[in-house]
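Chains, contacts and geometry: an overview
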Amino acid sequence: MSADPPSSPALRASDADRDRVTELLRAAVADGRLDPVEFVERLDAALTARTVDALTPLVTDLIAVPDGGALTPPFAGTSAEPPPELVTIKERHGAVRRDGRWTLPHRLELRTAWCDVMLDLTSAVRGAPELIIELRVTGGNVELVLAPGMVVDANELSVRHSMLEIGRDAGDTTPQTLHVRLVGRMRHGRLATRWQPPHR
């Protein structure tokens, strides 16, 4: 794919424009709309694109348009709602569930005691290549449901009298789409991960 069509207007693409397209491509390969070869080809074109017109063809077949309306590329000037910087979930002696198409913040604080927590990230909207989950968890279970290409790093998580069951994904060739960083502490609890394709 050409990085800059000769007919491109003078509207220059910003780093933020290229980042938004990159995230769309990562989400598309994670849910199977692009194969790894197409992903690499489009990613290379996105990283070298200099204009908005050069970026648009890379994602036009990946954005759902409701009711057959005109497609609006997610570039500067069309401003999609930015993801929140921080979301805090607090619960005691209950249950927490987040699934479906929810927007991931840059940082998620999980402050729970003796709760069952399920965070399904498979269809979540990602605004950045990394999600930081800060745990302040005492008792109960935390389950992370992940799509292929998501990688979990628990090296900064302090655990005591707890069980961590962080497995690997299915072992396919999906490029990394999201880095999930676990920080904070867990006491007398259990944290487990499982991978599954995004819901259709």
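Procedures and definitions
Numbers given to residues run from 1 along each chain, matching the order in which its sequence is written. Only residues with pLDDT of at least 70 are given local features in this predicted model, and only at 80 or more are side-chain atom pairs given and counted; all residues enter the totals for whole chains, interfaces and linings. Note that water and hydrogens are dropped before the side-chain values are worked out from all heavy atoms of the structure. Each patch is built from residues that are more than 30% exposed by relative accessible area and take part in no salt bridge. Like charges join if they lie within 9 Å; nonpolar side chains (Val, Leu, Ile, Met, Phe, Trp, Tyr) join within 5 Å. Only the protein chains shown count as covering a residue, and every accessible area follows the Shrake-Rupley method with a 1.4 Å probe. The term salt bridge refers to a side-chain nitrogen of Lys or Arg lying within 4 Å of a carboxyl oxygen of Asp or Glu. Neither His nor the chain termini are counted; the positive set is Lys and Arg, and the negative set is Asp and Glu. Note that the charge is assigned to NZ on lysines, CZ on arginines, CG on aspartates and CD on glutamates. Strands are runs of DSSP state E lasting at least two residues, helices are runs of H or I lasting at least four, and both sets are numbered from the N terminus onward. The classification of residues rests on relative accessible area computed with a 1.4 Å probe and restricted to protein chains. Under 20% of the type maximum is buried, over 50% is exposed, and intermediate values are partly exposed. Under the convention used throughout, the expected extent of a helix is 1.5 Å for every residue step, that is, one less than its residue count. Working definition of a nonpolar core: buried Ala, Val, Leu, Ile, Met, Phe, Trp, Tyr and Cys residues. They are joined through side-chain atoms within 4.5 Å. Residue contacts are defined here by distance: any two heavy atoms, one from each residue, within 4.5 Å place the two residues in contact. The term polar contact refers here to a pair of N or O atoms within 3.5 Å; inside protein, the definition further demands a hydrogen-donor-capable atom paired with an acceptor-capable atom, and it admits residues adjacent in sequence only when both atoms are side-chain atoms. Relevant arc is that of directions from the helix axis to the C-beta atoms, nothing else. The score called pLDDT rates the predictor's confidence residue by residue, from a low of 0 to a high of 100. Lines are fitted to the C-alpha atoms to define the axes, a helix being fitted only along its stretch in contact, and any angle between axes, read from their N-to-C directions, falls within 0 to 180 degrees. Note on angle classes: values under 35 degrees are labelled roughly parallel, values over 145 roughly antiparallel, values of 65 to 115 roughly perpendicular, and the remainder oblique. Gly falls in the polar group here, along with every residue not listed as nonpolar (Ala, Val, Leu, Ile, Met, Phe, Trp, Tyr, Cys, Pro) or charged (Asp, Glu, Lys, Arg).

Together, D35, E38, E41 and D44 line one region of the surface with negative charge. Considering the arrangement of structural elements, one finds E38 in helix α2 (residues 36-48). Judged by relative accessible area, which is 33%, E38 ranks as partly exposed.

Before going further, it helps to examine a nonpolar patch on the surface. Judged by side-chain polarity, V159, L164 and I166 come together as a nonpolar surface patch covering roughly 200 Å² of accessible area. Positionally, I166 belongs in the loop between β6 (163-165) and β7 (178-187).

Our focus in this paragraph is helix α1 (residues 15-30). With 16 residues, α1 extends 22 Å from end C-alpha to end C-alpha; this agrees with the ideal 22 Å at 1.5 Å per step. Considered for burial, the residues of α1 that qualify are D17, R18, V21, T22, E23, L25, A28, V29 and A30. G32 occupies a position one or two residues after α1 and carries a positive phi of about 90 degrees.

Glancing now at the nonpolar core. L119, L121, I133, L135, L146, V180 and L182 are the most contacted members of the largest nonpolar core, which has 29 residues in total. Mapped onto this core, the elements with two or more residues apiece are β3 (107-120), β4 (130-146), β5 (150-160), β7 and β8 (190-195). When residues of this core are assigned to their parent elements, the largest contribution, 7 residues, is made by β4. Leave out the neighbours within four places in its chain, and L121 touches W102, L104, R126, L131, V145, L146, M150, L178 and V180. Within the second largest apolar cluster, 16 residues are counted, among which are V21, L25, A28 and L55.

The next point concerns the side chain of E134. Among the structural elements, E134 can be located in strand β4. Within the structure, E134 has its side chain in polar contact with the side chain of R107 (distance 2.9 Å). Engagement of the side chain of E134 in a polar contact is seen with the side chain of R136, the distance being 3.3 Å.

It is worth spelling out α2 at this point. Look at α2: 19 Å from first C-alpha to last across 13 residues, which is about the 18 Å you get at 1.5 Å a residue. The complete set of buried residues in α2 reads F39, R42, L43, A45 and A46. Axial view of α2: buried residues confined to an arc of 165 degrees, hence all on one face. Summarising the geometry of α2, the exposed residues directed more than 90 degrees from the buried face are V37 and L47. On its buried face, α2 is in contact with α1 and α3 (52-59). Residue D35 occupies the N-cap position of α2, its side-chain oxygen lying 3.1 Å from the main-chain nitrogen of V37.

Our next topic: the confidence of the model for the protein chain. Low pLDDT marks stretches whose predicted atomic positions should not be read closely. Scored by pLDDT, the protein chain has a mean of 81; 80% of the residues are at 70 or more. A low-confidence stretch, residues 5-10 stays under pLDDT 50, and its non-local contacts, those more than four residues away or across chains, total 8 contacts. Low pLDDT, under 50, characterises residues 65-72; the stretch is placed with 5 contacts to residues that sit more than four places away or in other chains.

Quick look at the pattern of salt bridges now. Enumeration over the complete set of coordinates arrives at 11 salt bridges. Note that D99 and R97 form a salt bridge whose closest N and O atoms lie 2.8 Å from each other. Owing to a relative accessible area of 36%, D99 belongs among the partly exposed residues under this scheme. Here R136 makes a salt bridge to E134, at a shortest N to O gap of 3.3 Å. What emerges from the salt-bridge pattern is a single network uniting R107, E109, R111, E134 and R136.

It is the contact of α1 with α2, at a shortest axis distance of 10 Å, that shows an interaxial angle of 180 degrees. Here α1 is positioned roughly antiparallel relative to α2, judged by the angle of their axes. Residue-level contacts link R18, V21, T22, L25, R26 and V29 of α1 to P36, F39, R42, L43, A46 and L47 of α2. Grouping the constituent residues of the contact of α1 with α2 by class yields 8 nonpolar, 1 polar and 3 charged.

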